[in-house]
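In case you want the letters, here they are:
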Amino acid sequence: LGQIWGLAIATDSIISGGSDGQVIKWRDTTDEVLTAKTEETHMLLKMNQDLQNLIQTKRHVEAIALAIKLDMPSQLFALFSNVLSSGSQNDIIGVLSKLEDSDIFAVMNYLVKWNTNTKYVFTAQNILEAIFRILPPDKIVEHPEVFTCKSMF
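Visitor: What's the story with the overall build of the protein chain in this structure? I'm lost.
Guide: Looking only at helices and strands, the protein chain features 8 helices and 3 strands. Put simply, the protein chain runs from its N terminus to its C terminus through helices and strands in the order β-β-β-α-α-α-α-α-α-α-α. Relative to a compact globule of 153 residues, whose C-alpha radius of gyration would be 15 Å, the protein chain shows 24 Å and is clearly more extended. Counting only residues that meet the buried cut, the protein chain has 32% of its 153 residues in that class. Within the protein chain, residue pairs in contact and separated by at least 24 positions form 47% of the contacts whose partners lie at least 6 positions apart. In the structure as shown, the protein chain presents an accessible area of about 10,300 Å², 56% of it carried by carbon and sulfur atoms. Positive and negative charge centroids in the protein chain, built from 13 and 18 side chains respectively, lie 6 Å apart.

Visitor: Sorry if this is basic, but what is going on with the packing of helix α3 (residues 73-86) against helix α4 (residues 89-97) here?
Guide: Two quantities define a packed helix pair, namely the angle between the axes and the distance from one axis to the other. Between α3 and α4, whose axes approach to 7 Å, the crossing angle comes to 135°. Between α3 and α4, the crossing angle belongs to the class labelled oblique. α3 and α4 meet at a crossing whose hand is right-handed. Across the interface between the two elements, F80, V83 and L84 of α3 pack against Q89, D91, I92, V95 and L96 of α4. Considering only residue class, the contact of α3 with α4 consists of 6 nonpolar, 1 polar and 1 charged.

Visitor: Would you mind going over the pattern of salt bridges with me for this structure?
Guide: Side chains that differ in sign of charge can pair as their charged atoms come close. A complete count under the given rule lists 5 salt bridges for this structure. As a salt-bridge pair, E32 and R27 come within 2.9 Å of each other at their nearest N and O atoms. We classify E32 as partly exposed; its relative accessible area is 45%.

Conventions used here
Residues numbered from 1 in each chain as written. Predicted model: local features only at pLDDT ≥ 70, side-chain atom pairs only at ≥ 80, totals over all residues. Heavy atoms only, no water. Helix = DSSP H or I, 4+ residues; strand = E, 2+ residues; numbered from the N terminus. Rg over C-alpha atoms; globule rule 2.2 N^0.38 Å. Buried < 20%, exposed > 50% of the residue type's maximum accessible area, 1.4 Å probe, protein only. Contact = heavy atoms within 4.5 Å. Areas by Shrake-Rupley, 256 points an atom, 1.4 Å probe, with all protein chains shown as cover. Lys, Arg positive; Asp, Glu negative; His and termini not counted. Charge placed at Lys NZ, Arg CZ, Asp CG, Glu CD. Axes fitted to C-alpha atoms, helices over the stretch in contact; angles between N-to-C directions. Parallel < 35°, antiparallel > 145°, perpendicular 65-115°, else oblique. Left-handed = near helix turned anticlockwise from the far one by under 90°. Nonpolar A, V, L, I, M, F, W, Y, C, P; charged D, E, K, R; others polar. Salt bridge = Lys/Arg side-chain N within 4 Å of Asp/Glu carboxyl O.

Functional significance is not addressed by these values, which are geometric in nature.
Here you go:
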């Protein structure tokens, strides 16, 4: 946080030298940042469209995995509710058994909030029961994210 002793302006950058003895070349990254944000927005829009297409075609496993990846807990809850209302506990088990363990643990983190709201508790308890039927207890306990969910049990 010293003083600037020298400043030179070039066509594509600015060079400064200060009392700290450092010479720094500054350049304008506005276009690069804008391009990256635009690409990210396009990617999110495409993934949201993919999610809607998966929901429409009733491909629940892929839709749930994508909702987890997009960090959309309300959409994820709606998907689980639809699976449960159109089927049974075995359908929830079938869906969860096809997910990666990391996705199941992400669902467990959402269950912490869902399980504390009476509006969501029925579905949350069915999901939790299905998880306990799929994963052995030692695998659940050894996962580091479980300790953040521990207050739920």
